[in-house]
Amino acid sequence: MSVARIASAFQFCPGSRLLGMRPPADLAPSLQSRCFNLLLRQLPFKQQLASAEAVQAHVQKLALQPASFEPPNLGGGVEVTLTKMGGWPVYYTAPSSGHEGCNHVMFLHGGGYINEIVPAHWRFVGQMTRKARVVCVVPIYPLAPRATAKDVVPKTAELLRMLLEDAGPAKVTVVGNSAGAGLALAACQWLRYRGHRQPHRMVLISPAADASVGRPEQVEIAARDPIQDIPGIIEAGRLYAGELDVGHPFVSPLNGAFRSLAPMTIFSGTRDLLYPDSVDLSERARAVGVPVELHLLRDQPHNYALMPTPEGRQARALILRAVA
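These numbers come from a predicted model, not from an experiment. (Residues numbered from 1 in each chain as written. Predicted model: local features only at pLDDT ≥ 70, side-chain atom pairs only at ≥ 80, totals over all residues. Heavy atoms only, no water.)

K.L.:
Please provide a residue-by-residue account of the state of the cysteines, values included.
P.N.:
All told, the structure shown has zero disulfides when counted by the stated rule. Not engaged in a disulfide, the cysteine Cys-102 finds its nearest cysteine sulfur in Cys-136; these two sulfurs lie 10 Å apart. Judged by its relative accessible area of 7%, Cys-102 is buried. (Disulfide = S-S within 2.5 Å. Buried < 20%, exposed > 50% of the residue type's maximum accessible area, 1.4 Å probe, protein only.)

Given below as structure tokens:
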């Protein structure tokens, strides 16, 4: 895979070792993964998060030249349909051989709430559709600062509520990466608070669960993270929060309630400066009886589950089994 294709695929994505915590009991990272970490450092992701000014300049550029959200060619065996729900574009992907009796996935993309869905996300959607034989629902939610958490979270939750109703007995899984994983968690908390049905499971890939990024140990982890930096994540969170405090559960769902939420499968790596929040998230959910699988891999970066490495392929295989 070329540097240009990687840059296109992963674009800007905001949210190591946690001090005082025993390292995860896993094998050393693969050679391919170690090389990929070095390559990520040569790409502009971290520079785009180096300061509030860098994020503001990035947002202004996107306002003048919005990125396309249209899916690329997802390959054979996948049908794509576009509709609008509540003013949002919503894509449906389904196996072209027929989707009677298929389970459903709502996929919520990452990008720090300020970046559009990118080709890597669409390839993963295509893979889930083709290999797990599921119908994927992909809302193209509006981005900050034009839209903020006060509107995005309830509307996403309402789309999920309608999907759960329409799916009937079929299994519905919510899959999100990074900011999309934070949005997935906040939407499920919104449903629970109002007494609505939960999905079958949440799959949270490197979840952005706390926009404050306020842990002292995250400074040390940030130096090892090849993709993210703290000032930019804080600024993106501020833009997404709008009139809300960044600690509000819509923005930082780690501060929300966890009782009676759907079971969770969480993927994170110790080169991800957000990974301490994944550890806390799993502990808080388990404390109130929510089943959690935490896949924490040593020296893996943010969003490793979507990357072209052995560890990424293993994570995707687990996700395909979870959603099928």
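Back to the write-up after that little detour.
K.L.:
I'd like to hear about helix α11 (residues 310-323), residue by residue, with values.
P.N.:
Helix length check: α11 (14 residues) gives 20 Å between terminal C-alpha atoms against 20 Å at 1.5 Å per residue, within 8%. Of all the residues in α11, the buried ones are Glu-311, Gly-312, Ala-315, Arg-316, Ile-319, Leu-320, Ala-322 and Val-323. (Helix = DSSP H or I, 4+ residues; strand = E, 2+ residues; numbered from the N terminus. Expected span 1.5 Å × (residues − 1).)

K.L.:
Describe the side chain of Asp-280, and please don't skip the residues or the numbers.
P.N.:
Tracing the backbone shows Asp-280 in helix α10 (residues 275-287). Once you skip the residues sitting within four places of it in the chain, Asp-280 turns out to touch Arg-215 and Leu-254. (Contact = heavy atoms within 4.5 Å.)

K.L.:
Tell me about the sheet that holds strand β4 (residues 134-139), and name the residues and values.
P.N.:
What the eight strands build is an open sheet, ordered β1-β2-β4-β3-β5-β6-β7-β8; its pairing is mixed. Both edges of this open sheet fall to β1 (78-85) and β8 (292-297), since each of them pairs with a single strand only. Taken over all neighbouring pairs, the strand axes of this sheet differ in orientation by 15° on average, direction set aside. Here strand β2 (residues 88-95) runs beside β4; their pairing, made up of four bridges, is antiparallel. Opposite Tyr-91, over in β4, you have Val-138 as the bridge partner. Packed on one face of the sheet, helix α6 (residues 149-167) meets β1, β2, β3 (103-108), β4 and β5 (172-177) and runs near 170° to β3. Along the sheet face, α10 touches β6 (201-205), β7 (264-269) and β8 and points at about 160° away from the line of β8. (Pairing = 2+ DSSP bridges. Axes fitted to C-alpha atoms, helices over the stretch in contact; angles between N-to-C directions.)

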